[in-house]
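Examining the three-dimensional arrangement
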Amino acid sequence: MVNLYSLFMISRIQFLAALLMLPLLNSCHDGPSRVVPTEERNQKSAARISILEPLSGTRFTEKETVTIKAVTDTGSVGCDSLQLLQGNVVLATSKEPSLMHTWQAGSARFGKNRLYIRSYKNGTITGSAQVMIIVLPASPPSEIKAEVVQKYPHDSLAYTQGLYYEGGFLYESTGQYRRSSLRKVALTTGEIQQSVNLPDDVFGEGLAIFDGKILQLSWKNKTAFLYDKATFQLLKKVQYPIDEGWGLTWDGNFLWMSDGSEILYRMDPETFAEAGETEVYDHQGAVPQLNELEYINGKIFANVYGKGFIVIIDPETGRVDGKIDLGWLIPERYKGNYDKVLNGIAWNPANGHLFVTGKEWPYIYEVRLSKQVK
């Protein structure tokens with residue numbers, strides 16, 4: 001039988017021993033040899049930089065001067081220089097714990113630009129901060145008028161997503177689930193010469209023609225369909241990294257793609273990997289909802305979804321150089337109907353005219369512009 005008195009005495013001795021150990025344990029954790037967490041060490045070693053001017057999101061026109069002011073509280077590490085950078089380009093260097101620099105907004109691209117401040121000690125970065133500014137064109141786009149010189153029949157069930165003209169024929173991509181297609185259509189009669197349907201779960205979008213092939217986008221499948229232009233035989237399916245496909249055009253070297261935002265994506269024609277981006281801005285701000293695209297004489301013409309105009313974009317800078325008013329072409333019964341909007345741009349290089357239409361419109365319009373794009 002277990003001696004209850006002995007058990008009681010053993011438990012009492014263990015309890016007293018634990019009490020005696022508590023001061024030693026506390027001294028291990030609170031003394032100078034305390035282990036400091038990594039994130040706490042990083043906070044103590046980083047210089048704290050404050051960007052006083054400009055405020056993030058401030059807008060500047062290309063003709064304005066931007067003043068950048070920054071100061072640093074170096075804490076325990078010290079700071080022997082500050083640098084101001086735009087991307088990887090050093091704009092200014094200061095040997096003081098503060099920096100002030102004036103910079104021409106026109107030297108930046110249009111749209112969002114990030115400026116970075118870095119602090120250094122003996123060549124080692126000890127802190128960083130950033131600010132985002134928006135650069136806008138200083139002047140509005142030129143207003144370009146259009147007049148109809150001819151109209152042609154168009155399938156009023158064709159939900160036009162992409163359009164291209166060549167040799168008396170229109171190549172057209174149509175949308176909507178279970179009725180998306182690629183078509184070759186005789187311009188003057190509207191008769192379908194060739195066609196191929198997309199799978200029922202694919203919503204067709206923009207198209208581009210290059211090197212004897214046709215590339216047709218899908219809306220949300222992140223897949224493009226590459227066809228032989230002459231036979232419409234499907235050559236392969238191509239995956240792309242952009243979440244949504246809207247418009248597509250070819251500049252002779254690269255494909256340009258829209259996704260419904262203000263961004264145009266430059267895509268490699270072989271791999272369809274993204275090769276660059278251009279943000280599209282006018283004097284008022286970003287121009288989102290970019291849709292069907294057509295490359296003409298170094299510019300990209302773009303429908304803006306739901307709007308009665310076409311914008312003319314410099315693809316290198318993103319500036320909207322011109323705006324073509326076509327709102328008067330929209331049939332009265334279609335106004336406000338977002339399934340019947342203006343969409344579809346094709347160019348006839350022989351006379352400089354445009355072919356324009358809308359989703360499920362009964363006509364293709366040939367229009368002459370009041371100002372030629374050069």
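Procedures and definitions
Residue indices follow the written sequence of each chain, beginning from 1 at its first position. Where totals are concerned, whole chains, interfaces and linings use all residues; where local detail is concerned, this predicted model gives features only for residues with pLDDT of at least 70, and gives and counts side-chain atom pairs only at 80 or more. Hydrogens and water molecules were not included; the side-chain quantities draw on all heavy atoms of the structure. Helix numbers and strand numbers start at the N terminus; a helix is a DSSP run of H or I with at least 4 residues, a strand a run of E with at least 2. Exposed residues in this analysis have more than 50% of their type's maximum accessible area, buried residues have under 20%, and partly exposed residues fall in between, with area computed by a 1.4 Å probe over protein chains only. Throughout, a contact is declared for two residues whenever any of their heavy atoms are within 4.5 Å. Here the accessible surface of atoms and residues is derived via Shrake-Rupley with a 1.4 Å probe, and residues count as covered only by protein chains that are part of the display. We call a set of buried residues a nonpolar core when its members are Ala, Val, Leu, Ile, Met, Phe, Trp, Tyr or Cys and they connect through side-chain atoms within 4.5 Å of each other. Planes of paired rings set the category: under 30 degrees apart is stacked, over 60 is edge-to-face and the rest tilted, where pairs are Phe, Tyr or Trp rings (Trp by its six-membered ring) whose centres lie within 6.5 Å. Only Lys NZ and Arg CZ are tested; either one counts as a charge over a ring when it is within 6 Å of the ring centre and within 35 degrees of the ring normal. Any two strands between which DSSP finds at least two bridges are classified as paired. The quantity called pLDDT is the predictor's confidence in a given residue, expressed from 0 to 100. Only protein atoms enter the 1 Å grid, on which a cavity is a set of points fitting a 1.4 Å probe that cannot get out and a pocket is an open set with protein on both sides within 12 Å along at least 5 of 7 lines, lining residues being those with an atom within 4 Å of a point. Grid points are joined across faces, edges and corners, and a volume is the space filled by probe spheres set on the points. Only Asp, Glu, Lys and Arg are considered charged, only Ala, Val, Leu, Ile, Met, Phe, Trp, Tyr, Cys and Pro nonpolar, and every remaining residue, Gly among them, polar. Note on geometry: axes are lines fitted to C-alpha atoms, helical ones only across the stretch in contact, with angles between N-to-C directions running from 0 to 180 degrees.

Some details on the overall build of the protein chain
A count of helices and strands for the protein chain gives two helices and 31 strands. Every one of the 374 residues in the protein chain was classed for burial, and the buried ones make up 48%. For the protein chain, restricting intrachain contacts to residue pairs at least 6 apart in sequence, the fraction spanning at least 24 positions comes to 53%. Carbon and sulfur atoms make up 52% of the accessible area of the protein chain, which amounts to about 19000 Å² in all.

As for the nonpolar core
With 24 residues, the main nonpolar core has Val66, Ile68, Leu84, Trp103, Leu115, Ile117 and Ile133 as its most contacted residues. Taken together, the elements giving at least two residues each to this core come down to β3 (65-73), β4 (81-86), β6 (98-104), β7 (111-121) and β8 (124-136). Counting residues per element, this core draws most heavily on β8, at seven residues. Beyond its immediate stretch of four places on either side in the chain, Ile68 contacts Glu53, Pro54, Leu84, Leu99, Met100, His101, Trp103, Leu115 and Ile117.

Some thoughts on unusual backbone geometry
Along the chain, Glu53 connects to Pro54 via a cis peptide bond; the corresponding omega equals -10 degrees. Tracing the sequence through the fold places Pro54 in the loop between β1 (48-53) and β2 (59-61). At Arg178, a residue that is not glycine, the phi angle is positive and equals roughly 70 degrees. With respect to the helices and strands, Arg178 occurs in the loop between β12 (169-174) and β13 (181-186). Overall, the relative accessible area of 65% leaves Arg178 in the exposed class.

Describing the packing of aromatic side chains
The tally for this structure, following the rule as stated, stands at eleven aromatic pairs. Among the aromatic side chains, those forming a connected cluster through ring pairs are Tyr159, Tyr177, Phe203 and Trp219. Geometry around Trp219 places Lys220 over its ring, the cationic atom sitting 4.4 Å from the centre. Above the plane of the ring of Tyr334 lies Arg333, whose end atom (NZ or CZ) is 4.7 Å from the centre.

Here's the deal with the pairing of strand β14 (residues 192-197)
A regular strand carries its side chains on alternate faces of the sheet. Looking at chain direction, β13 and β14 are connected through five bridges and run antiparallel. Bridge pairing in β14 links Arg183 to Ser195. Where β13 folds back onto β14 in an antiparallel hairpin, the turn is made up of five residues, including Gly190, whose phi is positive at roughly 80 degrees.

A word on the confidence of the model for the protein chain
Looking at the protein chain, pLDDT values average 87 and 86% of them are 70 or higher. Confidence drops under a pLDDT of 50 for residues 1-13, and excluding neighbours within four residues, the segment shows one contact in the predicted structure. Across residues 15-45, confidence stays below pLDDT 50; counting only partners more than four residues off in sequence or on other chains, it has nine contacts.

Quick notes on empty space enclosed by the protein
Gaps left between atoms are located by rolling a probe of water-molecule size over the structure's atoms. Under the definition given, this model contains two cavities of 30 Å³ or more. Here the largest cavity is characterised by a volume of approximately 80 Å³. If you trace the largest cavity, you find it lined by Pro153, His154, Asp155, Leu163, Leu170, Glu172, Arg183, Val185, Leu187, Gly190, Ile192 and Ile364. Contributions of two or more residues to the lining of the largest cavity are made by β12 and β13. Here the lining of the largest cavity is composed, by residue class, of seven nonpolar, two polar and three charged.

Some points on the sheet that holds β3
The pairing of strands in a sheet comes from backbone hydrogen bonds and takes either a parallel or an antiparallel form. Overall, antiparallel pairing links the three strands, which are arranged β1-β3-β6 in an open sheet. Each edge of the open sheet is held by one strand with a lone partner, namely β1 and β6. For this sheet the average axis-to-axis angle between neighbouring strands, irrespective of direction, equals 20 degrees. Inspection of the sheet shows β3 paired to β6 by seven bridges, in the antiparallel sense. Across the sheet, residue Lys69 finds its bridge partner in β6, namely Met100.

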